Amino acid sequence: MLRNALGKTFRFVGYTVQYGCIAHCAFEYLGGIVVCSGPSMEPTIQNSDIVFSENLSRHFYCIRKGDIVIVKSPNDPKSNICKRVIGLEGDKVCTSNPSDFVKSHSYVPKGHVWLEGDNLRNSTDSRCYGPVPYGLIRGRICFKIWPLNDFGFLRASPNGHRFLDD
């Protein structure tokens with residue numbers, strides 16, 4: 001009887017570990033559901049919108065200009081931020097605020113990306129903390145899940161003029 005109870009317990013623990021590993025791999029490598037907070041990505045993503053983030057793009061270096069990504073915050077590694085990729089390594093980017101009279105430009109260093117929120121007046125982004133290492137990217141947002149009336153792929157950047165072409 002004790003042997004039977006121990007057998008069932010070990011089997012249960014074994015299945016739990018197996019399914020836990022499968023879940024971990026799915027969330028780490030495939031993607032997951034993310035609740036976005038804050039005004040920095042308005043109007044594209046509102047506070048409390050729910051989105052789906054896929055993680056394969058970051059592993060295969062398929063992040064492109066215009067993509068919205070989830071990134072470990074350079075200021076607080078315990079939190080994630082949601083921003084749009086404005087520049088990739090080697091790209092020339094505008095590093096000044098939209099209201100600045102004199103515009104300044106810089107090049108994104110190797111292994112980094114330049115991130116900005118769609119709400120330029122209310123976003124802490126690369127204009128504050130500089131280029132972000134590619135390794136901090138956690139995933140790329142594919143589409144919005146909630147609210148249902150906004151379900152679908154995300155719209156283009158309202159700040160498309162910020163994308164510079166050399």
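Cut-off values and rules
Residues numbered from 1 in each chain as written. Predicted model: local features only at pLDDT ≥ 70, side-chain atom pairs only at ≥ 80, totals over all residues. Heavy atoms only, no water. Salt bridge = Lys/Arg side-chain N within 4 Å of Asp/Glu carboxyl O. Buried < 20%, exposed > 50% of the residue type's maximum accessible area, 1.4 Å probe, protein only. Disulfide = S-S within 2.5 Å. Helix = DSSP H or I, 4+ residues; strand = E, 2+ residues; numbered from the N terminus. Core = buried A, V, L, I, M, F, W, Y, C linked by side-chain atoms within 4.5 Å. 1 Å grid on protein atoms, 1.4 Å probe; cavity = no way out; pocket = protein on both sides within 12 Å on 5 of 7 lines; lining within 4 Å. Points joined across faces, edges and corners; volume = space filled by probe spheres on them. Patch = residues over 30% accessible without salt bridge, like charges linked within 9 Å, V, L, I, M, F, W, Y side chains within 5 Å. Areas by Shrake-Rupley, 256 points an atom, 1.4 Å probe, with all protein chains shown as cover. Polar contact = N/O pair within 3.5 Å; in protein donor to acceptor, adjacent residues only side chain to side chain.

Participant: Where do I start with the pattern of salt bridges in this structure?
Facilitator: Opposite charge on two side chains permits them to pair, given that their charged atoms come into close proximity. Counted according to the given criterion, the structure contains five salt bridges. Ionic pairing is found between Arg127 and Asp125, a salt bridge with its closest N-O pair at 2.9 Å. Here Arg127 falls in the buried class, since its relative accessible area comes to 14%. By relative accessible area, which is 0% here, Asp125 ends up buried.

Participant: Before we go on, may I ask you to explain the state of the cysteines in this structure?
Facilitator: Simply put, the disulfide is a covalent bond whose two ends are the sulfur atoms of two cysteines. According to the stated counting rule, one finds zero disulfides in the structure shown. Here Cys36 is not cross-linked by a disulfide; its sulfur's nearest cysteine counterpart is in Cys82, at 4.1 Å.

Participant: Just checking my understanding: could you explain unusual backbone geometry for this structure?
Facilitator: With glycine set apart, most residues show a phi of negative sign, and most peptide bonds adopt trans. A cis amide bond links Glu42 with the next residue in sequence, Pro43, at an omega value of 10 degrees. Inspection of the secondary structure assignment puts Pro43 in the loop between strand S1 (31–35) and strand S2 (50–54). A cis amide bond, omega 5 degrees, links Trp146 with the succeeding residue Pro147. Among the secondary structure elements, Pro147 is positioned in the loop between strand S9 (137–146) and strand S10 (152–153). If you check the backbone angles, Ser48 has positive phi at about 75 degrees while not being a glycine.

Participant: Sorry, what's going on with the nonpolar core here?
Facilitator: Of all hydrophobic cores here, the largest spans 11 residues; its members are Ile63, Val69, Val71, Ile81, Val85, Val113, Leu115, Tyr129, Val132, Tyr134 and Ile137. For this core, the secondary-structure elements that each account for two or more residues are strand S3 (68–72), strand S4 (80–88) and strand S7 (112–116).

Participant: Where do I start with the layout of surface pockets in this structure?
Facilitator: Gaps left between atoms are located by rolling a probe of water-molecule size over the structure's atoms. As a volume, the largest pocket reaches approximately 260 Å³. If you trace the largest pocket, you find 19 residues lining it, with Ser37, Ser40, Asn80, Ile81 and Cys82 closest to the centre. Broken down by secondary-structure element, the contributors of at least two residues to the lining of the largest pocket are S1 and S4. If you tally residues by element for the lining of the largest pocket, the top one is S4, at four residues. Considered as a void within the structure, the second largest pocket measures approximately 190 Å³ in volume. What lines the second largest pocket is simply Phe27, Glu28, Gly31, Gly32, Val34, Ser53, Asn55, Ile70, Asn80, Arg138 and Gly139. For the lining of the second largest pocket, the secondary structure elements donating two or more residues are helix H1 (2–30), S1 and S9. No other element matches S1, which puts three residues into the lining of the second largest pocket.

Participant: How do you make sense of a nonpolar patch on the surface when you look at a structure like this?
Facilitator: On the surface, Tyr29, Leu30, Leu56 and Phe60 cluster together into a nonpolar patch covering about 430 Å² of accessible area. Relative to the elements of secondary structure, Tyr29 occurs in helix H1. Residue class for Tyr29 comes out partly exposed when judged on its relative accessible area of 41%.

Participant: Help me understand the side chain of Asp118 in this model?
Facilitator: Turning to its location among the elements, Asp118 is positioned in the loop between S7 and helix H3 (126–129). A distance of 2.4 Å separates the side chain of Asp118 from the side chain of Thr44, its partner in a polar contact.

Participant: Explanation requested: the side chain of Arg127 in the structure shown.
Facilitator: Within the element layout of this structure, Arg127 appears in helix H3. Reaching out from Arg127, the side chain makes a polar contact with the backbone oxygen of Leu120 at a distance of 2.9 Å.

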